Amino acid sequence: MATQSRQRRRNLWIYAFLMPTFILYGVYTIYPIVASYWYSLVEWNGFSSEQRFVGISNYQAVLADPLFWSSVRITLLFMLVVAPLRIFGAFFLAILLNSPKLPFTKFFRTVYFLPVVTTTAIIGVVMRFILDPAAGPVAAVVGLFGLPPVDLLGESGTALVTTALVYVWKFFGITMIYWLAALQTIPQDVYDAARVDGAGGVRIFRHITLPMLLPFLLIITVLTIEDCFHAFDLMQTMTAGGPFYSTEIIEIYIYRWAFAASIPQLGFASAAAVLFGVLVLVVVALQAWATLTSQRIQSQRSESERTESQIERQVGAQIVRRTGKGRA
Amino acid sequence: MSTLAARRGNDSRTGDETRESADRRPKAMSHRPRRRGWWLVALILAALAFLWVFPFLWMVSASLKSSGEIFQGGLNLIPEALRWENYGRAWTAGQFGQYLLNTVIVTVVTTAIVVVRCALAGYVVGRYRFPGSRLIIGIFVATLFVPTGYTIIPIVKVSLELGLLNSLAGMILALGGASNVAAILIYAGYFRRMPADLEEAAIVDGAGFLRVFLRIMLPLSTPVTATVGILTFLATWNAFFLPLVFSSTNPALRTVSVGMQAFVGENSTDWAGMAAAGVISILPVVVLFVFMQKYFVEGIAGAVKA
């Protein structure tokens, strides 16, 4: 009896601790996720106006809109440009910055990380001026080479790539930190051992660094790709989806119908939002599946291989190292 | 990039040969040719670093130039004369004094809310099994990646019905209630790893649930609190979507990130004022970053290690 009442008291405390999260997270995250489904089934022309149930006709309208499909394509295209550049570029930079032989590494880390902490919506506005075809510094560089002025954000052919590259620059530092964290999980002993074994820089990189980093590639890819769905701040301030909808990612499409239209189409925008949520879910689920599969393959392979060659070699090298030290 | 890779390859190869041929030579000797290569890499990285921060240098430089000087274009970063009046214009006419105050209020209160609620939730989720605990963790993980564009319409509708839409309080609650699952998970992971005898000793001494948390667990979690606090501070200071929607009908509620766009919308030719406004808005987070770099990096690296 005593333990039971103590248990009950404990549980009361637990629920009390969860209460702030229940309320805030419930109202501002869980409820919106659920309510979006209802809102996507109504006709609703303004936040204070009446809702009228219309069934799936909003979905039909969204799916029939070529601009919606264009925004899906642009969102995915943006991801395809940004993610590889961030993942592999940052990988390369992290390898360099992780070397104990490189001078000023701390300074470089700070500098390359700096854009991450700055306000995206403000950077977006500043970049518009930097890329200004008449008086911006980029135009001055182009002029230096005697080339005709280019309006990188004003042409629908170049606007998406330009914004994608700015996004890469802006958040490169995050992926760099991911890789540096991954690199730091490799103990220095392993390098030392291999070096004593006679392995050079390239061989160490190929046979030790790369295999030990591979498991991190997937999680870093998941995190970086997920990050590509948060481009609203930059896009809205740099191009607002233009010119001619050429940089209109899905979040801007939703924003345009819900908040920027003279008569808001909230039901229609909710249907687009639900479809966006499904897209994000599918991409994340695909990656989670890929991560699990690769982990299974790796653990199988490592059981058969690593035990024999790799670990043996590492242990052997360590013994060599120790005896070597003893001699010295 | 490719030349860098090639150079790196060459370097290590020469290093190897030196080492293999002269195994008994003192280590420092064999390092010398490699060292020079790394200085070259450092030089290239330094040039790239200059390009990397160029937008910020340009912004600071433009904030001190006259508009005529900026319109001439060119790459000169040194202003003819320092025109501090640009800052005065951004501060009063551009209302960045007001926007900065709004941003500070919103950021500080939101950060406090998020830290408190995530520490409480992370503690019980990480340390106790109770009816519904698995379900709660499942919901947290499932909603880890919810984008703002998905939840924004119901958030506005709820806020309107609660009478919170056109207020800083409404903005704060929405920001504090939006997905902060990562923070809860960081706390949960940290509290889970703490040894059980810590609280057992306290319970033997007669301490209750709340006392154990406040006197033992919370003080021990200071490093996590610093990390969560700083990352939340950064995310809130830089937030754009929610503040944009919450201040759409009342310009007095704008934060700096929303105010910047409004400023260039109203003063499209005042480049110097725009740049000054940008410096005013970004400087606080950059200063915070320089002093608290360790916690920034730890918070971000935690996502990979976990």
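This is a predicted model, so every value here is computed, not measured. (Residues numbered from 1 in each chain as written. Chains lettered and ligands numbered in written order. Predicted model: local features only at pLDDT ≥ 70, side-chain atom pairs only at ≥ 80, totals over all residues. Heavy atoms only, no water.)

Attention now moves to the overall build of chain B. Check the secondary structure of chain B and you find 15 helices and zero strands. When each of the 306 residues of chain B is scored for burial, the buried share is 53%. At a minimum sequence separation of 6, the contacts of chain B that also span at least 24 residues come to 70%. Carbon and sulfur atoms provide 64% of the accessible area of chain B, an area that totals close to 14,200 Å². (Helix = DSSP H or I, 4+ residues; strand = E, 2+ residues; numbered from the N terminus. Buried < 20%, exposed > 50% of the residue type's maximum accessible area, 1.4 Å probe, protein only. Contact = heavy atoms within 4.5 Å. Areas by Shrake-Rupley, 256 points an atom, 1.4 Å probe, with all protein chains shown as cover.)

A word on the overall build of chain A. On a plain count of helices and strands, chain A comes out with 13 helices and two strands. For chain A, the proportion of its 328 residues judged to be buried stands at 51%. Considering only residue pairs separated by 6 or more positions, chain A has 69% of its internal contacts joining residues 24 or more positions apart.

A few words on the pattern of salt bridges. All names here are of chain A. Tallied over the full model, the rule gives six salt bridges over all chains. As a salt-bridge pair, Arg52 and Glu43 come within 3.1 Å of each other at their nearest N and O atoms. Of the charged contacts, one joins Arg256 and Glu248 as a salt bridge, the two residues approaching to 2.6 Å between their closest N and O atoms. The class of Arg256 is partly exposed, set by a relative accessible area of 21%. (Salt bridge = Lys/Arg side-chain N within 4 Å of Asp/Glu carboxyl O.)

Counting residues at the interface gives 106 residues for chain B and 99 residues for chain A. Around 9,100 Å² of area is buried between chain B and chain A when both sides are counted, 79% of it from carbon and sulfur atoms. Sorting the residues of chain B by area buried against chain A places Trp52, Phe145 and Tyr150 of chain B first, and these three jointly supply 10% of that buried surface. Viewed at the interface, chain A and chain B are joined by zero salt bridges. (Buried area = accessible area lost by both parts, 1.4 Å probe.)

On to the side chain of Lys157 of chain B, then. Within the secondary structure, Lys157 of chain B is located in helix H7 (residues 148-161). A residue is classified by how much of its surface remains accessible, and Lys157 of chain B, at 11% relative accessible area, is buried. Among the polar contacts listed, one links the side chain of Lys157 of chain B to the backbone oxygen of Phe47 of chain A, at a separation of 3.2 Å. Each residue touching Lys157 of chain B, except ones within four places of it in the same chain, is listed here: Tyr39, Trp44, Phe47 and Gln51 of chain A. (Polar contact = N/O pair within 3.5 Å; in protein donor to acceptor, adjacent residues only side chain to side chain.)

All names here are of chain A. Per-residue pLDDT for chain A has a mean of 84; in total, 90% of the residues score no lower than 70. Highest mean pLDDT in chain A belongs to helix H3 (residues 66-97) (94); lowest belongs to helix H13 (residues 310-327) (41). Note on residues 306-328: pLDDT under 50 across the span, and 19 contacts to partners over four residues away in sequence or across chains. (pLDDT = per-residue confidence, 0-100.)

Attention shifts here to the environment of Ala139 of chain A. Residues and elements named next belong to chain A. With respect to the helices, strands and loops of the structure, Ala139 is situated in helix H6 (residues 137-144). Assessed through its relative accessible area of 18%, Ala139 is described here as buried. Separated by 13 residues in sequence, Ala139 and Leu152 have C-alpha atoms that sit 9.6 Å apart. Dropping the residues within four chain positions of it, Ala139 is found in contact with Asp132 and Pro133.

Glancing now at the side chain of Thr163 of chain A. All names here are of chain A. Relative to the helices and strands, Thr163 resides in helix H7 (residues 159-183). When its relative accessible area of 0% is taken as the criterion, Thr163 is described as buried. One polar contact links the side chain of Thr163 to the main-chain carbonyl oxygen of Leu160, over a distance of 2.8 Å.

On to helix H11 (residues 209-220) of chain B, then. Residue and element names in this part refer to chain B. In this model H11 runs 16 Å from its N-terminal to its C-terminal C-alpha over twelve residues, within 8% of the 16 Å that 1.5 Å per residue would give. Every buried residue of H11 is accounted for by Phe209, Val212, Phe213, Ile216 and Met217. Take H11 and look down its axis: the buried residues cluster within an arc of 125°, on one side only. (Expected span 1.5 Å × (residues − 1). Arc of directions from axis to C-beta.)

What follows covers the nonpolar core. Trp179 of chain A together with Trp58, Ile153 and Met274 of chain B are the most contacted members of the largest nonpolar core, which has 166 residues in total. Counting residues per element, this core draws most heavily on H7 of chain A, which supplies 17 residues. The two domains that each donate at least three residues to this core are domain 1 (2-88) and domain 2 (93-305) of chain B. In contact with Met274 of chain B, not counting residues within four places along its chain, are Val125, Val126 and Phe129 of chain A together with Trp58, Met260, Phe263 and Val264 of chain B. (Core = buried A, V, L, I, M, F, W, Y, C linked by side-chain atoms within 4.5 Å. Domains from an automatic or database assignment.)

Residue and element names in this part refer to chain A. Nonpolar side chains collect at one region of the surface, where Tyr37, Val278, Val282, Leu286 and Trp289 lie side by side and expose about 520 Å² of accessible area between them. Here the element with the most residues in the nonpolar patch is helix H12 (residues 266-305); it accounts for four residues. Counting through the fold element by element, Val282 comes out in helix H12. (Patch = residues over 30% accessible without salt bridge, like charges linked within 9 Å, V, L, I, M, F, W, Y side chains within 5 Å.)

Before going further, it helps to examine the packing of aromatic side chains. Two measures describe an aromatic ring pair: the distance that separates the ring centres and the angle between the ring planes. Applying the stated criterion to the full structure yields 49 aromatic pairs over all chains. Summarising the aromatic geometry, the rings of Phe229 of chain A and Phe276 of chain A are spaced 6.1 Å apart at their centres and angled 70° between planes, so their arrangement reads as edge-to-face. Taken as a pair, Phe229 of chain A in the loop between helix H9 (201-227) and helix H10 (232-238) and Phe276 of chain A in helix H12 lie far apart in primary sequence, 47 residues in all. One exposure class covers both Phe229 of chain A and Phe276 of chain A, and it is buried. Taken together through their ring pairs, the aromatic side chains of Trp13 and Phe17 of chain A together with Tyr123, Tyr128, Tyr187, Tyr190, Phe191, Phe209 and Phe213 of chain B make up a single cluster. (Phe/Tyr/Trp six-rings, centres within 6.5 Å; stacked < 30°, edge-to-face > 60°.)

Turning our eyes to something else, we now look at the environment of Gly97 of chain B. When you line up the elements, Gly97 of chain B lands in helix H5 (residues 96-127). Residues Gly97 of chain B and Val256 of chain B, spaced 159 residues apart in sequence, show a C-alpha to C-alpha distance of 9.2 Å.

Moving on to the confidence of the model for chain B. Residue and element names in this part refer to chain B. Model confidence for chain B is summarised by a mean pLDDT of 83, while 88% of its residues fall at 70 or above. No element of chain B has a lower mean pLDDT than helix H1 (residues 2-21), which averages 39, and none a higher one than H5, which averages 94. With pLDDT under 50 throughout, residues 1-31 is counted as low confidence; its partners more than four residues away or in other chains account for 31 contacts.

What follows covers the packing of helix H10 (residues 197-204) of chain B against H11 of chain B. Residue and element names in this part refer to chain B. With their axes 10 Å apart at the nearest point, H10 and H11 run at an angle of 155° to one another. As judged from the angle between their axes, H10 and H11 are roughly antiparallel. H10 and H11 meet at a crossing whose hand is right-handed. When H10 is examined against H11, the residues Leu198, Glu199, Ala202 and Ile203 are found in contact with a partner set consisting of Val212, Ile216, Met217 and Leu220. Split by residue class, the contact of H10 with H11 holds seven nonpolar, no polar and one charged. (Axes fitted to C-alpha atoms, helices over the stretch in contact; angles between N-to-C directions. Parallel < 35°, antiparallel > 145°, perpendicular 65-115°, else oblique. Left-handed = near helix turned anticlockwise from the far one by under 90°. Nonpolar A, V, L, I, M, F, W, Y, C, P; charged D, E, K, R; others polar.)

This part is about helix H9 (residues 181-192) of chain B. Between its terminal C-alpha atoms H9 of chain B stretches 16 Å, which fits the 16 Å expected from twelve residues at 1.5 Å a residue. All buried positions along H9 of chain B are accounted for by Val181, Ala183, Ile184, Tyr187, Ala188, Gly189 and Phe191 of chain B.

Moving on, we come to unusual backbone geometry. Residues and elements named next belong to chain A. A cis amide bond, omega -10°, links Gly242 with the succeeding residue Pro243. Its identity as a non-glycine residue notwithstanding, Ala240 has a phi of 55°, on the positive side. Examined against the element boundaries, Ala240 turns out to sit in the loop between H10 and helix H11 (250-260). At Phe244, a residue that is not glycine, the phi angle is positive and equals roughly 55°. In this structure, Phe244 sits in the loop between H10 and H11. Of the residues examined, Phe244 reaches a relative accessible area of 75% and is grouped as exposed.

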